[in-house]
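Inside the fold
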Amino acid sequence: MQFRNILEELEVTKFKKGIEREMENFFEDMGFSIIEPRVFEDYDDFIRSNSRWDSSKTVKVLGGDSRIYILRPDITTNILSQIFSKWEGEPPLKVYYNSKVYRNESRGKILQNYQMGVESLGDDISKADGEIVEMAMSVMSNLGEPYILEMGSTKYLDGFFREINLNLQDEIEIRNLISKKNSDSLKTKLKSLKLENTILDKILDMQGDMKEVLDMARAYEMNEEMKGALDSLERVKELFIHKDIIGKVKLDLSMVPDLGYYDGIIFKGYCLGVPTKILSGGRYDKWTKKYGVKVAAIGFMIDMDLVTRIRIKGEK
Ligand SMILES: N[C@@H](Cc1c[nH]c[nH+]1)C(=O)O
């Protein structure tokens, strides 16, 4: 955050601390315990297990042992190695953090971003999906501004790609076009691959009202993975159906996450008039296998710089 002078900085920091305390109390009331992420990570380990990361964005540090370390660019992966070195997968573990991530910006500066977040590990999948999505909704509604929570599932598109024999390069290109919602280039690409009469041609229409999108998506279901994706979204819909916040949850099956570890429900929270996501998260069960035991895992992070800015604006 940029400040005009030190008094403004002190005032904003005090305000931010107040919001952090509110969130910490909320997470603790929900049964989550605080965890302190480590600042440094081994560069080689990080790059090996995060092949989709742009390595130029990691902030590198040279250790006294001449190894290259990085300042943590993502808190979820950071705390997982910490947790799994001392936990065998049960009983369920619920943790929250209040920390920062560091990334190189395109203009060369180092970006420090305050994040708070929660991770629920080893709990029953349907129960944890419901609990985490409800917590995300509660964080969004406390902003005091109109908001929406966009939800999707990585398993829907993954399931489809499993049915067709596409080379990886084409698959990545299609996913990128879908994530940019670039319908013209997507159509051209699909035509060149003779895939124009498939779900990929409809995927950008699969956004909006939960019930309508689920009904449309069911018609294209091809395997258990795609069915599982829709079933889990259906279960979340059932949780909200009789609440007045149902209108604030939108489905977007064309949502492609920036991070590579998700395999299930994914979601992002937006406030009206703010183009950047305020909150994002999802399920990443398969990813936990890297640490020796596969457990159910879901969580989300909140961009505290953005939350502070929005709450300050709301107070004025
Ligand atoms: N670490 C993710 C958010 C997340 C937490 N847990 C699962 N996903 C991010 O920075 O976007």
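Residues numbered from 1 in each chain as written. Predicted model: local features only at pLDDT ≥ 70, side-chain atom pairs only at ≥ 80, totals over all residues. Heavy atoms only, no water.

Examining the sheet that holds strand S6 (residues 110-121)
Read from one edge of the open sheet, 9 strands run S1-S5-S6-S12-S11-S10-S7-S9-S8, paired in mixed fashion. The open sheet has two free edges, formed respectively by strand S1 (33-34) and strand S8 (207-209), since each of these has just one partner strand. Where S8 lies against strand S9 (residues 249-252), 3 bridges are found, and the strand directions are antiparallel. Paired with Gln207 across the two strands is Asp252, which belongs to S9. With respect to the sheet, helix H3 (residues 75-84) is in contact with strand S5 (93-104) and S6, its orientation differing from that of S5 by roughly 130 degrees. (Pairing = 2+ DSSP bridges. Helix = DSSP H or I, 4+ residues; strand = E, 2+ residues; numbered from the N terminus. Contact = heavy atoms within 4.5 Å. Axes fitted to C-alpha atoms, helices over the stretch in contact; angles between N-to-C directions.)

A few points about the pattern of salt bridges
Applying the stated criterion to the full structure yields 27 salt bridges. In this structure, the salt-bridge partner of Lys187 is Asp201, at a minimum N-O distance of 3.4 Å. Residue Lys187 is located in helix H7 (residues 183-192), and its partner Asp201 is located in the loop between H7 and S8; the two are separated by 14 residues in the primary sequence. Residue classification places Lys187 among the partly exposed positions, given a relative accessible area of 46%. (Salt bridge = Lys/Arg side-chain N within 4 Å of Asp/Glu carboxyl O. Buried < 20%, exposed > 50% of the residue type's maximum accessible area, 1.4 Å probe, protein only.)

What about the site of the ligand?
Around the ligand, the structure places 14 residues, and the nearest of them are Asp74, Thr76, Glu119, Tyr261 and Tyr262. Here Asp74 contributes a side-chain N or O atom positioned 2.9 Å from a nitrogen atom of the ligand. One nitrogen or oxygen atom from the side chain of Thr76 is found 2.7 Å from a nitrogen atom belonging to the ligand. Protein chains shield 97% of the accessible area of the ligand, which is 310 Å² for the free molecule. Taken together, the elements giving at least two residues each to the shell around the ligand come down to strand S11 (279-283) and strand S12 (297-303). Residues belonging to the shell around the ligand are distributed by class as follows: 7 nonpolar, 5 polar and 2 charged. (Near = heavy atom within 4 Å. Polar contact = N/O pair within 3.5 Å; in protein donor to acceptor, adjacent residues only side chain to side chain. Areas by Shrake-Rupley, 256 points an atom, 1.4 Å probe, with all protein chains shown as cover. Nonpolar A, V, L, I, M, F, W, Y, C, P; charged D, E, K, R; others polar.)

Describing the UniProt feature "binding site: L-histidine" (unreviewed entry) in the protein chain
The sites that carry the UniProt feature "binding site: L-histidine" (unreviewed entry) are, in the present numbering, Asp74, Ile75, Thr76, Arg103, Gln115, Glu119, Tyr261 and Tyr262. The topology assignment puts Gln115 in strand S6. If near-sequence neighbours (up to four positions away) are discounted, Gln115 is found in contact with Ile75, Tyr97, Asn98, Ser99, Lys100, Val101, Arg103, Met301, Ile302 and Met304. Tracing the backbone through its elements, the reader meets Tyr262 in the loop between S9 and strand S10 (265-271). The class for Tyr262 is buried, based on a relative accessible area of 13%. (UniProt positions renumbered as here; feature names shortened; annotations may be inferred.)

As for helix H5 (residues 154-163)
Most of H5 sits out of view: 7 of its 10 residues are buried. Among all positions of H5, only Thr154, Tyr156, Leu157, Asp158, Gly159, Phe160 and Phe161 are buried. Buried-residue contacts for H5 involve strand S7 (147-153), helix H6 (168-179), helix H8 (210-218), helix H9 (224-240) and S10.

Things to note about unusual backbone geometry
Cis geometry marks the peptide bond from Glu90 to Pro91; its omega dihedral reads -5 degrees. With respect to the helices, strands and loops of the structure, Pro91 is situated in the loop between H3 and S5. Of note in the backbone geometry, Ser66 takes a positive phi value of approximately 65 degrees without being a glycine. Relative to the helices and strands, Ser66 is located in the loop between strand S3 (60-62) and strand S4 (68-71). Here Ser66 falls in the exposed class, since its relative accessible area comes to 58%.

So, the sheet that holds strand S2 (residues 40-42)
What the 3 strands build is an open sheet, ordered S2-S4-S3; its pairing is antiparallel. Looking at which strands have only one partner, the edges of the open sheet turn out to be S2 and S3. Within the sheet, the average angular offset between the axes of one strand and its neighbour, ignoring direction, is 45 degrees. Taken together, the 3 bridges between S3 and S4 define a ladder with antiparallel strand orientation. Of the residues in S4, the one forming a bridge with Lys60 is Ile70.

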